[in-house]
Amino acid sequence: MEENIIARAEALRREVEAVCRKTGRDPAEITVLAATKVQTAERVRAVLNFVDACGENRVQEFCEKYDAGAYTGKPVHFIGHLQTNKVKFLVGRCDLIHSVDSPRLAKAVSDRAEMLGLVQDILAELNIGRDENKTGCLPEDLPELLSAIRALPGVRLRGLMCVPPKGTPEETAPWFAKTREIYEKYAPEWGFDILSMGMSGDWAAAIREGSTLIRVGTGIFGARM
Ligand SMILES: *Cc1c(COP(=O)(O)O)cnc(C)c1O
């Protein structure tokens, strides 16, 4: 079982390098994040050497695996929907929160970070496909979110994250391109360095469109039960 996970993670690394070579990207620019939702601490530990970071979706799962030492030695990110009342479990423990999508949530993260005397790295999550079933900030609300974040001393905004509507890589590529455009627009002013987009089914398209961080679950661990 662990052998399969390792083999898939190694294969993914090689494929990422191949796609980068073909598209003129530097593989060193791409962070490969293992999306570890549902996986046991043991399975997470098995892939640590082959990925750059782990990402959890649920606060409780994050806490359990964090306490079990599942991520030791690698950065761990939070990539799922986050409620303000759960912020306290993450700030200062997780390296990057991808899912900040409202001024209220940004303020909760900043307040907690200030209380702990640190600055929390975050991404703004965009609902680029205007999907009603998805969280994330609508593109037209991004300026308001950014100006709220600018006034918050406890957070550092590193870039953007998106989860486009489900589709083939051909269908998701335009959403990635749109997100990249918005990213580029703000990058110089903010010093952005992380564009989090691409999952198991479409990470190659995301890299072609400028992603710097891909989040891969199934492609490493196999289908989730
Ligand atoms: C589960 C998840 C992923 C990984 O999805 P796969 O299709 O299994 O690679 C990536 N990003 C987020 C936000 C997720 O929730």
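Residues numbered from 1 in each chain as written. Predicted model: local features only at pLDDT ≥ 70, side-chain atom pairs only at ≥ 80, totals over all residues. Heavy atoms only, no water.

Asker: Just checking my understanding: could you explain the nonpolar core for this structure?
Answerer: Generally speaking, soluble globular proteins have nonpolar side chains that are buried together. Counting 49 residues, the largest nonpolar core has Leu142 and Leu160 as the members making the most contacts within it. Setting aside anything within four residues of it in sequence, one finds leucine 160 in contact with Leu123, Ala124, Leu126, Leu142, Thr179, Ile182, Tyr183, Phe192, Ile194, Leu195 and Ser196. If you look at the next biggest cluster of nonpolar residues, it comprises 18 residues, including Val16, Val19, Ala34 and Ile214. (Core = buried A, V, L, I, M, F, W, Y, C linked by side-chain atoms within 4.5 Å. Buried < 20%, exposed > 50% of the residue type's maximum accessible area, 1.4 Å probe, protein only. Contact = heavy atoms within 4.5 Å.)

Asker: Whenever I open this one, the environment of tyrosine 71 confuses me. Can you help?
Answerer: Here tyrosine 71 lies in the loop between helix H3 (59-67) and strand E3 (76-78). On the accessibility criterion, tyrosine 71 (4% relative accessible area) is buried. Distance from tyrosine 71 to valine 44, taken between C-alpha atoms, is 7.2 Å for residues 27 residues apart in sequence. Leave out the neighbours within four places in its chain, and tyrosine 71 touches Thr36, Val44, Leu48, Cys54, Glu56, Glu61, Phe62, Lys65, Tyr66 and Val76. Looking at tyrosine 71, its side chain comes within polar contact range of the side chain of glutamate 56, at 2.9 Å. (Helix = DSSP H or I, 4+ residues; strand = E, 2+ residues; numbered from the N terminus. Polar contact = N/O pair within 3.5 Å; in protein donor to acceptor, adjacent residues only side chain to side chain.)

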